[in-house]
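# Notes for the structure review
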Amino acid sequence: MIRKARVKDVKTIKDMVNGYAREGLMLARSYSELYESIRDFYVYETDGEVIGCCALHVMWEDLAEILSFAVKPEYRNNGIGSELLNTCLEDEHALDVGTVFTLTCIPEFFEKREFNRVEKSSLPHKIWNGCIKCPKFPECDEIPLVRKLR
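The next thing to look at is a nonpolar patch on the surface. Side chains of Val 7, Tyr 31 and Tyr 35 sit close together on the surface and give an oily, nonpolar patch of about 300 Å² of accessible area. The topology assignment puts Tyr 35 in helix H2 (residues 31-36). The class for Tyr 35 is partly exposed, based on a relative accessible area of 42%.

All right, on to helix H3 (residues 80-95) then. Its 16 residues give H3 an end-to-end C-alpha distance of 23 Å, which sits within 8% of 22 Å, the value for a rise of 1.5 Å per residue. Every buried residue belonging to H3 is among Ile 80, Gly 81, Ser 82, Leu 84, Leu 85, Thr 87, Cys 88, Leu 89, Asp 91 and Glu 92, and all of these are buried. Backbone geometry just downstream of H3 places Asp 96 in the positive-phi region, at approximately 60 degrees.

This next bit is on the pattern of salt bridges. One pass over the full model with this rule turns up eight salt bridges. Note that Glu 114 is salt-bridged to Arg 147, the shortest N-O span being 3.7 Å. Here Glu 114 is found in the loop between helix H4 (107-111) and strand E6 (116-117), whereas its partner Arg 147 is found in strand E7 (residues 143-148), with 33 residues between them in sequence. You can call Glu 114 exposed: its relative accessible area is 57%. What makes Arg 147 buried here is its relative accessible area of 17%. Connected through salt bridges with shared partners, the residues Arg 3, Asp 9 and Glu 45 form a single ionic network.

Let us look at the environment of Asp 141. Position of Asp 141 relative to the elements: it lies in the loop between helix H5 (128-132) and E7. Residues Asp 141 and Gly 24, 117 residues apart in the sequence, show an inter-C-alpha distance of 9.5 Å.

Before going further, it helps to examine the nonpolar core. By size, the foremost hydrophobic cluster in this structure holds 19 residues, and its most contacted members are Ile 66, Phe 69, Leu 84, Leu 85, Phe 110 and Phe 115. Counting residues per element, this core draws most heavily on H3, which supplies five residues. Membership of the second largest hydrophobic core comes to 16 residues, among which are Leu 34, Phe 41, Val 50 and Leu 67.

Turning next to the side chain of Glu 142. By the element assignment, Glu 142 lies in the loop between H5 and E7. Beyond its immediate stretch of four places on either side in the chain, Glu 142 contacts Leu 25, Met 26, Leu 103, Thr 104, Cys 105 and Lys 120.

Read across the open sheet, the seven strands follow the order E1-E2-E3-E4-E5-E7-E6; overall the sheet is mixed. The sheet terminates laterally at strand E1 (2-4) and E6, the two strands that pair on one side only. Bridging between E1 and strand E2 (residues 41-46) involves three bridges; their strand directions are antiparallel. Paired with Lys 4 across the strands is Tyr 42, a residue of E2. Sitting on the sheet, helix H1 (residues 10-22) is in contact with E2, strand E3 (49-60) and strand E4 (63-71), with an inclination near 80 degrees to E3. Contacts from H3 reach E1, E2, E3, E4, strand E5 (99-104) and E7, with the element oriented near 30 degrees to E3.

Counting buried positions over the six residues of E2 gives five, a clear majority of the element. With six bridges joining them, E2 and E3 adopt antiparallel strand pairing. Across the sheet, the residue bridging to Tyr 44 is Gly 52, located in E3. As consecutive antiparallel partners, E2 and E3 are separated by two residues, and within that stretch Asp 47 has a phi angle of approximately 50 degrees, a positive value.

What counts and how
- Residues numbered from 1 in each chain as written.
- Predicted model: local features only at pLDDT ≥ 70, side-chain atom pairs only at ≥ 80, totals over all residues.
- Heavy atoms only, no water.
- Patch = residues over 30% accessible without salt bridge, like charges linked within 9 Å, V, L, I, M, F, W, Y side chains within 5 Å.
- Areas by Shrake-Rupley, 256 points an atom, 1.4 Å probe, with all protein chains shown as cover.
- Salt bridge = Lys/Arg side-chain N within 4 Å of Asp/Glu carboxyl O.
- Helix = DSSP H or I, 4+ residues; strand = E, 2+ residues; numbered from the N terminus.
- Buried < 20%, exposed > 50% of the residue type's maximum accessible area, 1.4 Å probe, protein only.
- Expected span 1.5 Å × (residues − 1).
- Core = buried A, V, L, I, M, F, W, Y, C linked by side-chain atoms within 4.5 Å.
- Contact = heavy atoms within 4.5 Å.
- Pairing = 2+ DSSP bridges.
- Axes fitted to C-alpha atoms, helices over the stretch in contact; angles between N-to-C directions.

From the geometry alone we can't say anything about function, so treat these as descriptive.
Here's what the structure looks like:
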């Protein structure tokens, strides 16, 4: 079941996201960042356990970011990520933002869902706020992808 994240989910979200961050696959998140952005998050819960998360963060009037997108390894390849992403895209549609982007080490997942690779330089400078905090900056290996929804 997918639902909006709750404050009590923050520890689990942090553990999932930072587990992938230790592998160099995504940006680590602090408790502070997660609590402040908890309203951006959806979680996938099964049998009372949160096994996946994804956030849609509005950046500007016409731009939102998919971030902190993680599914516990033992539950991957079961459609959970697709369901989480679709929920975020439905949220974007309701908000009428228009364009969604993500930075990822797994571009193929998003390309199958109508996201297109773009040059990093084509994204607004506002998005680089998160990048500056990343240990990979400025030699990031993440691929930027964009999906225009209107």
